[in-house]
Amino acid sequence: MWDFPENEALAAIGRKIYENGGVVSAVCHGPSALVNVTLSNGNYLVDGKKVNAFTNEEEVAVKLDKVVPFLLEEKLKERGALFEKSGLWQPHVTVDQRLVTGQNPQSAKGVGEAVLAELEKQ
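About the criteria used
- Residues numbered from 1 in each chain as written.
- Predicted model: local features only at pLDDT ≥ 70, side-chain atom pairs only at ≥ 80, totals over all residues.
- Heavy atoms only, no water.
- Core = buried A, V, L, I, M, F, W, Y, C linked by side-chain atoms within 4.5 Å.
- Buried < 20%, exposed > 50% of the residue type's maximum accessible area, 1.4 Å probe, protein only.
- Helix = DSSP H or I, 4+ residues; strand = E, 2+ residues; numbered from the N terminus.
- Contact = heavy atoms within 4.5 Å.
- Pairing = 2+ DSSP bridges.

Caption draft 1: Spotlight on the nonpolar core. The biggest cluster of nonpolar side chains holds 20 residues, and the ones touching the most others in it are Leu34, Leu45, Val46, Leu72, Leu76 and Leu99. Those elements giving two or more residues to this core turn out to be helix H1 (8-19), strand E1 (24-27) and helix H3 (72-78). Contact partners of Leu99, with chain neighbours within four places excluded, come to Tyr18, Val24, Leu34, Leu45, Val46, Lys49, Val51 and Thr94.

And the structure:
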């Protein structure tokens, strides 16, 4: 949450993978690495795509909503993401145009399986 969003090298890697037809994925707070990824056309990677990550409600439940630099759900929405979510601690995996995201640690296995399924399509 503190390092990933401003890491230009990481953003460049994500952009290159996605624009070359690869799969980009993240789970829980990992999608914080996606909030500033812009494509060559200037649009955010998440703009107009279904995405999920650690939710505002989960952040409040663990009493970190005032600690983290931003609420990930809100930041993704600001970037144009179509944010999906399930209840607290429920697994939730979202796949949209080679972008695979998971809501929380309970979603990790499902994210891995979804990434594999996306790779098998190629």
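Caption draft 2: Representation of the pairing of strand E4 (residues 93-96) within the structure. Only one face of E4 is covered, namely the face carrying Thr94 and Asp96; the face carrying Val93 and Val95 is uncovered. As paired elements, E4 and strand E5 (residues 99-102) share four bridges and run antiparallel to each other. Across the sheet, the residue bridging to Asp96 is Leu99, located in E5. Counting the residues that bridge the hairpin from E4 to E5 gives two residues, and of these Gln97 lies at a positive phi of roughly 50 degrees.

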